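Results of the structural survey
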Amino acid sequence: MTKIQQRSIGPAAQEVSALALGSWHTWDRGVFEDITVLLRKALDAGVNLFDVGVYRSKGPNSIDPYDHPTDLIFAQAMKAVGAKENRDYDIAVKAWLSKPQVNVVEQVDNVLWRQGAEHAKYVVLGDILYETRDFTPLLMQLDALKKAGKIGYWAVNNWSADQIQAIHDQALELGIDVPQFAQLKYSVFRRTIAEGAPFQQLIDKTGISIQASDVMEGGLLFATDTSRIIALDVGGIQGAIRASQGAFAEAARKLGATPAQLAIAYPLTNPLCSNVLIGTRTLEQYEDNIGAFDLLERAGADAVQAAVADLWLDREVDAQASWSGHRHDTPENYLVVRR
């Protein structure tokens with residue numbers, strides 16, 4: 001059995017699996033019995049971090065367009081396999097920042113209630129959709145959650161390096177824990193932000209780590225006819241990604257790997273990336289995906305990087321940018337995009 005690497009993440013140097021599973025429209029697009037088998041295999045292989053969010057947008061199998069059940073399915077599946085949160089695995093829960101008055105404590109309480117859990121290893125602050133330089137209200141809520149024993153640490157999702165530096169410095173001034181990782185869209189095609197000088201300098205100063213997400217660009221890496229909800233196309237490169245499907249598949253073939261394996265392996269060649277978050281939902285996908293670790297061991301980081309050197313497509317994106325496309329970038333506004 002392939003064992004998943006364990007890596008240190010963030011200033012607190014917690015050990016996490018280099019692969020994390022969830023969230024978005026993942027579990028509500030699968031078959032429950034298959035999901036339980038997948039999760040059992042993942043746990044046995046050493047996967048110990050799962051992304052969990054409450055999404056107020058319609059999933060393909062959801063009856064209620066304002067409350068789809070992906071997180072509830074995950075909780076029930078973990079119960080079915082006999083796994084216990086905070087013993088066999090950890091969760092990173094999402095909190096959405098749509099306006100300055102957002103109640104992070106209430107959101108975390110809701111996710112934990114839906115999970116039947118008392119504690120989350122991390123709360124990940126989602127895209128910040130309003131302008132502010134004063135993060136005190138957010139930090140005080142995070143501190144309250146920590147003191148109540150509801151979270152261990154916190155992180156951010158798709159914030160710019162400048163925003164992260166600002167909230168990090170304010171946390172230090174207040175004597176509050178600093179962020180541990182930044183979940184970033186980071187892939188073979190989208191490298192400018194994660195690998196740019198601003199994030200390099202941020203990591204050097206703060207010790208924050210990167211968690212790579214959207215490594216398969218919502219499925220655009222693959223020549224399929226299906227469609228699903230995917231996030232905004234910052235930089236306008238989705239057309240170029242589609243046009244690069246053949247070149248990417250050929251790069252994977254030359255390495256003796258599948259496209260999915262190469263997509264997962266690439267961010268892990270960066271020592272600043274501790275973890276890759278993927279939306280694996282079937283056993284077949286999972287067994288293919290974990291081959292990324294065999295690829296890394298067999299070929300090495302240099303060969304993986306060389307194989308995709310010409311597929312960096314977002315060179316024109318500002319490395320200091322935030323991935324929040326606009327202040328109304330909420331899940332309800334994401335588009336169903338033909339792959």
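Conventions we followed
- Going along each chain's sequence as written, the residues are numbered from 1 onward.
- Reporting in this predicted model follows two pLDDT cut-offs: at least 70 for local features of residues, and 80 or more for side-chain atom pairs to be given and counted; totals over whole chains, interfaces and linings ignore these cut-offs and use all residues.
- Calculation of side-chain values draws on the structure's entire complement of heavy atoms; hydrogens and water are dropped beforehand.
- A side-chain nitrogen of Lys or Arg and a carboxyl oxygen of Asp or Glu constitute a salt bridge if their distance falls within 4 Å.
- Counting from the N terminus, the helices are the DSSP runs of H or I reaching at least four residues and the strands are the DSSP runs of E reaching at least two.
- Each residue gets a pLDDT score, which is the predictor's confidence in that residue and runs from 0 to 100.
- Whether two residues are in contact is decided by their heavy atoms, any of which lying within 4.5 Å being enough.
- Burial here depends on accessible area, computed with a 1.4 Å probe over protein chains only, as a share of the maximum for the residue type. Under 20% is buried, over 50% is exposed, and the range in between is partly exposed.
- Under this definition, polar contacts are N or O atom pairs within 3.5 Å; protein pairs additionally need one hydrogen-donor-capable and one acceptor-capable atom, and for neighbouring residues in sequence, both atoms have to be side-chain atoms.
- Helix span, expected: 1.5 Å multiplied by one less than the number of residues in the helix.
- Every axis in this analysis is a line fitted to C-alpha atoms, fitted for helices over the stretch in contact. Angles between the N-to-C directions lie between 0 and 180 degrees.
- Angles are sorted into four bins: roughly parallel if under 35 degrees, roughly antiparallel if over 145, roughly perpendicular if 65 to 115, and oblique for all others.
- By convention the crossing between two helices is left-handed if the near helix lies anticlockwise of the far one by an angle smaller than a right angle, and right-handed if it lies clockwise.
- Just so you know the grouping, Ala, Val, Leu, Ile, Met, Phe, Trp, Tyr, Cys and Pro go in nonpolar, Asp, Glu, Lys and Arg go in charged, and all remaining residues, Gly too, go in polar.
- Ring pairs are drawn from Phe, Tyr and Trp, using the six-membered ring of Trp, whenever the two centres fall within 6.5 Å, and their geometry is named by plane angle: stacked under 30 degrees, edge-to-face over 60, tilted for the rest.
- Only Lys NZ and Arg CZ are tested; either one counts as a charge over a ring when it is within 6 Å of the ring centre and within 35 degrees of the ring normal.

Digging into the pattern of salt bridges
- Scanning all chains against the criterion turns up 11 salt bridges.
- Residues D162 and R133 are paired through a salt bridge, measuring 3.1 Å at the closest nitrogen-oxygen approach. Residue D162 is located in helix α5 (residues 161–174), and its partner R133 is located in the loop between β6 (120–128) and α4 (136–147); the two are separated by 29 residues in the primary sequence.

Concerning the confidence of the model for the chain
- The predicted model of the chain has a mean per-residue pLDDT of 89, with 88% of residues at 70 or higher.
- Scored below 50 in pLDDT, residues 325–339 makes 44 contacts in the model with residues more than four places away or belonging to other chains.

Quick look at the side chain of Q141
- Looking at the element boundaries, Q141 is found in helix α4.
- Since its relative accessible area comes to 16%, Q141 is described here as buried.
- Polar contacts involving the side chain of Q141 include one to the main-chain amide nitrogen of V104, which spans 2.7 Å.
- Not counting the four nearest positions on each side in its chain, Q141 is found in contact with V102, N103, V104 and V105.

Quick notes on α4
- Helix length check: α4, at 12 residues, gives a terminal C-alpha distance of 16 Å against a target of 16 Å (1.5 Å per residue), a fit within 8%.
- Taken together, the buried positions of α4 are L138, L139, Q141, L142, D143 and L145.
- Where the residues of α4 are buried, they touch β5 (90–97), α3 (104–115), β6, β7 (151–157) and α5.
- Following α4 by one or two positions, G149 adopts a phi angle in the positive range, close to 75°.

What about helix α1 (residues 32–45)?
- Compared with the 20 Å implied by 1.5 Å per residue over 14 residues, the 20 Å span of α1 between its first and last C-alpha is a close match.
- Along α1, the residues that are buried comprise I35, T36, L38, L39, A42, L43 and A45.
- Packed against the buried residues of α1 are β3 (19–21), β4 (49–52), α2 (70–80) and α11 (283–289).
- Positioned one or two residues after α1, G46 has a phi angle of 110°, which is positive.

Structural notes on unusual backbone geometry
- Note that the residue after G22, namely S23, is joined by a cis bond; omega there is -5°.
- Of note, S23 is situated in the loop between β3 and α1.
- Positioned with a positive phi, N86 is a non-glycine residue whose angle comes to about 75°.
- Take N86: it is sitting in the loop between α2 and β5.
- Residue N86 is classed as partly exposed on the basis of its relative accessible area of 47%.
- You will see that N158, though not glycine, has its phi angle at about 65°, which is positive.
- One can find N158 in the loop between β7 and α5.
- Given the relative accessible area of 2%, N158 is considered buried.

Thoughts on the packing of helix α10 (residues 259–268) against helix α12 (residues 291–299)
- Across the interface, α10 lies against α12 with an axial gap of 8 Å and an inter-helix angle of 60°. Here α10 is positioned oblique relative to α12, judged by the angle of their axes. Handedness of the crossing formed by α10 with α12: right-handed. Between α10 and α12, the contacting residues are Q261, L262, I264, A265 and L268 on the first element and G291, A292, F293, L295 and L296 on the second.
- When the residues that make up the contact of α10 with α12 are grouped by side-chain class, the tally is 8 nonpolar, 2 polar and no charged.

A closer look at the packing of aromatic side chains
- The final tally for this structure, using the stated rule, is 10 aromatic pairs.
- Joined through ring pairs, the aromatic side chains of W27, F50, F74 and Y89 make up one cluster.
- The residue whose ring lies beneath K146 is Y153, and the NZ or CZ to ring-centre distance is 4.6 Å.

As for the environment of T192
- In this fold, T192 is placed in helix α6 (residues 192–195).
- Along the sequence, T192 and A319 sit 127 residues apart, while their C-alpha atoms lie 5.5 Å from each other.
- Not counting residues up to four positions away in its chain, the partners in contact with T192 are W312, D314, R315, V317, D318 and A319.
- There is a polar contact of 3.1 Å between the side chain of T192 and the side chain of W312.

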